[in-house]
Amino acid sequence: MTATMPVLVPPRQSLVVVGNGMAGMRTVEELLKLAPALYDITVFGAEPHTNYNRILLSPVLAGEKAREDIVIHSRAWYLEQGITLYSGDPVVHIDRQRRLVRSKSGREVWYDRLLLATGSTPFILPVPGHLLPGVIGFRDLADVDTMLAASAHGGHAVVIGGGLLGLEAANGLHRRGMHVTVVHVSDTLMNQQLDKNAARLLQQALTLRGIEFRMQAQTTEIAGARRVRAVRFKDGTAIPADLVVMTAGVRPNIELARQAGLYCERAIVVDDTLQTYDPRIYAVGECVQHRSATFGLVAPLWEQAKVAGAHLARSGHRRYVQTSTPTRLKVTGIELYSVGDFSGTASSEDLVLRDPRRGIYKRLIVEGDVLTGAVLYGDVSDGPWYSELIRQRVNIAPIRQQLLFGEALCSRAA
Ligand SMILES: Cc1cc2nc3c(=O)[nH]c(=O)nc-3n(C[C@H](O)[C@H](O)[C@H](O)COP(=O)(O)OP(=O)(O)OC[C@H]3O[C@@H](n4cnc5c(N)ncnc54)[C@H](O)[C@@H]3O)c2cc1C
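Cut-off values and rules
- Per chain, residue numbering runs from 1 following the sequence as it is written.
- With the structure being a predicted model, the display of local features is reserved for residues of pLDDT at least 70 and the display and counting of side-chain atom pairs for 80 or more, all residues being used for whole-chain, interface and lining totals.
- Water and hydrogen atoms were dropped before computing side-chain values, which therefore reflect all heavy atoms in the structure.
- Side-chain atoms within 4.5 Å link the members of a nonpolar core, which is a set of buried Ala, Val, Leu, Ile, Met, Phe, Trp, Tyr and Cys residues.
- Whether a residue is buried, partly exposed or exposed follows from its accessible area with a 1.4 Å probe, protein chains only, as a fraction of its type maximum: under 20%, in between, or over 50%, in that order.
- Numbering of helices and strands runs from the N terminus, with a helix taken as a DSSP run of H or I at least four residues long and a strand as a DSSP run of E at least two residues long.
- Two residues qualify as a contact provided that any one of their heavy atoms is within 4.5 Å of a heavy atom in the partner residue.
- DSSP bridges decide pairing: two strands pair if at least two such bridges lie between them.
- Per the annotation, domain bounds derive from an automatic or database assignment of domains.
- One heavy atom within 4 Å of a molecule or strand is enough for the residue carrying it to be called near that molecule or strand.
- Within 3.5 Å is the distance limit for a polar contact, defined as a pair of N or O atoms, with the added protein rule that one can donate a hydrogen and the other accept it, and that residues adjacent in sequence qualify only through two side-chain atoms.
- Computed by Shrake-Rupley with a 1.4 Å probe, the accessible areas treat only the displayed protein chains as cover when residues are assessed.
- Under the scheme applied here, ten amino acids are nonpolar (Ala, Val, Leu, Ile, Met, Phe, Trp, Tyr, Cys and Pro), four are charged (Asp, Glu, Lys and Arg), and all others, including Gly, are polar.
- Under the pairing criterion, centres of Phe, Tyr and Trp rings, with the six-membered ring standing for Trp, must be within 6.5 Å; the plane angle then separates stacked pairs below 30 degrees from edge-to-face pairs above 60, leaving the rest tilted.
- In this scheme, Lys NZ or Arg CZ marks a charge over a ring once it lies within 6 Å of the ring centre and within 35 degrees of the ring normal.
- When a carboxyl oxygen of Asp or Glu lies within 4 Å of a side-chain nitrogen of Lys or Arg, that pair is called a salt bridge.
- Neither His nor the chain ends contribute to the count of charged residues, in which Lys and Arg are positive and Asp and Glu negative.

## Observations concerning the nonpolar core
Ile 41, Ile 94, Val 101, Leu 114 and Leu 116 are the most contacted members of the largest nonpolar core, which has 51 residues in total. By residue number, the principal contributor to this core is helix 1 (residues 22–34), which donates five residues. In this structure Ile 94 touches Leu 100, Val 101, Tyr 111, Leu 114, Leu 116, Leu 256 and Ala 260, once residues within four positions along its chain are discounted. With 42 residues, the next largest nonpolar core counts Ile 70, Ile 136, Met 178 and Leu 336 among its residues.

Okay, here's the thing in structure tokens:
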């Protein structure tokens, strides 16, 4: 009889994830696909919830989805995967020398690898009165709860910032019965994604629904004694406000990384493998800066998650490559799609289709024989196709005449 040799099971490594949000948990999913047994995983989340789909906060606010609908991972999922989740307990300190993190409640966990996925925080305009109760951002379930509580009394909501987030907040609050004014510093809504023509159509459609706009307005003060009562502007005018939602941009959440001495510029600087300047620490999501770019939409984060997940799994041959990400507004009944560079260059040409009766506007930006941008309003069915043409730098010369009429006609012409 031969004696059986004991099987040597290597002790698992420790992976600590800071940030229980979309990018961090997607990275954990990608890692588990490749190396389910490599790490003991501990996740710290500042929010008291399990991971949920942040994008769907807008439909929850608008009453189109329930809170349960947006949960991505239940507590049972973490248990099944053997992941220790500390929710409602943010990490407050990283000791890189001893390789451990400490949470607000005093928990200390040692790591072999650390993944930072702390996201962003809303930028609150630092005008007088910005700390008054009733002034919030739009980032998490707690913000939605505050908005829902405020809307139960009706009243006036002022949304500062007419970008994607601001318009989704305005639409939701309006649908919940508030009188809503959107304040925007430029004369063009969603000016990062839309040209003036598309933005005008959008503003008209939202105005018809009952949302008001103060364009080219500079907020100078939020007034109120114990809570917000009004918003004042540079021109001396003011409007009443029971709730102020600031959607004037976000700032990458990098304080923790900075305190730990990690190299940061606007965000935590990572290389093409999502590694920070400390080889034991990776970072993904809105808290990172990759080749001078920062991120505000989920599509690039899914790519980052694949790359970081693969490297954490030790099967890392992938490199993160930036691509242009389309933007859609999640306001039911309003169709708009923007992708690529819509501003164009001195040498680019515009192909434009306007059909005011059907409320359709399409503008394609062409550089030589390559599509470089698309802004669509009213009919967005060809958006993903245009997006692919841009991404793959397809030679559009053979279909140029039909390009504005979409994929179906172009494939017939080809
Ligand atoms: C209302 C809304 C609508 C949106 N709509 C769209 C859309 O239509 N399309 C699109 O592509 N994108 C959309 N986005 C953006 C998208 O949600 C973000 O790009 C994405 O959530 C970023 O993922 P992240 O993991 O980097 O950050 P987050 O999802 O914010 O996760 C970060 C998490 O880390 C936590 N955290 C921070 N610091 C600590 C700490 N010290 N310790 C522990 N935890 C910490 C935070 O509390 C948070 O839970 C929307 C965002 C919002 C708010």
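The structure having been displayed, the exposition proceeds.
## Remarks on the sheet that holds strand 10 (residues 156–160)
With respect to topology, five strands assemble into an open sheet ordered 9-16-10-11-12, the strand pairing being parallel. The open sheet has two edge strands, strand 9 (135–136) and strand 12 (212–215), and neither has a second partner. Where strand 10 and strand 11 (residues 179–184) come together, five bridges link them in parallel fashion. Bridging from a neighbouring strand, Ala 157 pairs with Val 180 of strand 11.

## Side note on the domain arrangement of the protein
Taken domain by domain, the protein holds domain 1 (13–121 + 251–312), domain 2 (135–248) and domain 3 (335–413). Here the C-alpha centre of domain 3 lies 36 Å away from the C-alpha centre of domain 1.

## Remarks on the site of the ligand
Looking at the ligand, there are 30 residues lining it, with Glu 47, Arg 54, Arg 139, Glu 286 and Lys 330 nearest. Within the backbone of Met 22, a nitrogen or oxygen atom sits 3.3 Å from an oxygen atom of the ligand. Within the backbone of Ala 23, one N or O atom sits 2.8 Å away from an oxygen atom of the ligand. Expressed as a share of its isolated accessible area of 990 Å², the protein-covered part of the ligand is 91%. Counting residues per element, the ones that place at least two in the shell around the ligand are helix 1, strand 2 (39–45), helix 5 (164–175) and helix 8 (298–312). Across the shell around the ligand, the residue classes tally to 15 nonpolar, nine polar and six charged. In this structure, the shell around the ligand is formed jointly by two domains, domain 1 (13–121 + 251–312) and domain 2 (135–248), each of which donates at least three residues.

## Let's talk about the packing of aromatic side chains
Throughout the structure, instances matching the rule amount to five aromatic pairs. Between the aromatic rings of Phe 44 and Tyr 86, the centroid separation amounts to 5.2 Å while the plane-to-plane angle is 40°, which identifies the pairing as tilted. Of this pair, Phe 44 sits in strand 2 while Tyr 86 sits in strand 3 (residues 84–87), and the two are 42 residues apart along the sequence. Measuring from ring centre to ring centre gives 4.9 Å for Tyr 263 and Tyr 277, while their planes differ by 45°; the resulting arrangement is tilted. Placement of the pair is Tyr 263 in the loop between helix 7 (255–259) and strand 18 (268–270) and Tyr 277 in the loop between strand 18 and strand 19 (281–283), with a sequence separation of 14 residues. When its relative accessible area of 36% is taken as the criterion, Tyr 263 is described as partly exposed. Against the face of Trp 302 rests Arg 26, its NZ or CZ located 3.9 Å from the ring centre.

## Thoughts on the pattern of salt bridges
If you walk through the whole model with that rule in mind, you get 24 salt bridges. Among the ionic pairs, Glu 47 bridges to Arg 54, the shortest N-O distance being 2.9 Å. For Arg 54, a relative accessible area of 19% translates into the label buried. Taking the shortest distance from any N to any O, the salt bridge between Glu 286 and Arg 139 comes out at 3.1 Å. Placement of the pair is Glu 286 in the loop between strand 19 and strand 20 (288–290) and Arg 139 in the loop between strand 9 and helix 4 (141–151), with a sequence separation of 147 residues. Assigned by exposure class, Glu 286 and Arg 139 land together as buried.

## A short note on the side chain of Asp 140
By secondary structure assignment, the location of Asp 140 is in the loop between strand 9 and helix 4. One buried charge, Asp 140, has no salt-bridge partner; the nearest side chain with opposite charge is Arg 54, at 5.3 Å. Apart from residues lying up to four places away in sequence, Asp 140 is in contact with Glu 47, Tyr 52, Arg 54 and Leu 57.

## A look at the side chain of Glu 286
For Glu 286, a relative accessible area of 11% puts it in the buried group. At a separation of 2.6 Å, a polar atom in the side chain of Glu 286 contacts the side chain of Ser 120. Not counting residues within four places of it along the chain, the set of residues in contact with Glu 286 comprises Gly 119, Ser 120, Arg 139, Val 250, Pro 252, Phe 295, Gly 296, Leu 297 and Leu 301.

## Details of the pairing of strand 16 (residues 243–246)
Side chains Leu 243 and Val 245 project from strand 16 onto one buried face, and the interleaved Val 244 and Met 246 project onto a second face that is buried too. Both strand 9 and strand 16 contribute to a ladder of two bridges, which runs parallel. Looking at the pairing, Ile 136 lines up with Val 245 of strand 16. Where strand 10 meets strand 16, four bridges bridge the pair, whose relative direction is parallel. Following the sheet pairing, Ile 160 is matched in strand 16 by Met 246.

## Thoughts on unusual backbone geometry
Positive phi is not limited to glycine here, since Arg 99 has a value of about 55°. Inspection of the secondary structure puts Arg 99 in the loop between strand 4 (91–95) and strand 5 (100–103). Within the chain, Ser 292 stands out as a residue other than glycine whose phi angle is a positive 75°. Assignment of secondary structure puts Ser 292 in the loop between strand 20 and helix 8. The exposure class of Ser 292 is exposed, given its relative accessible area of 52%.

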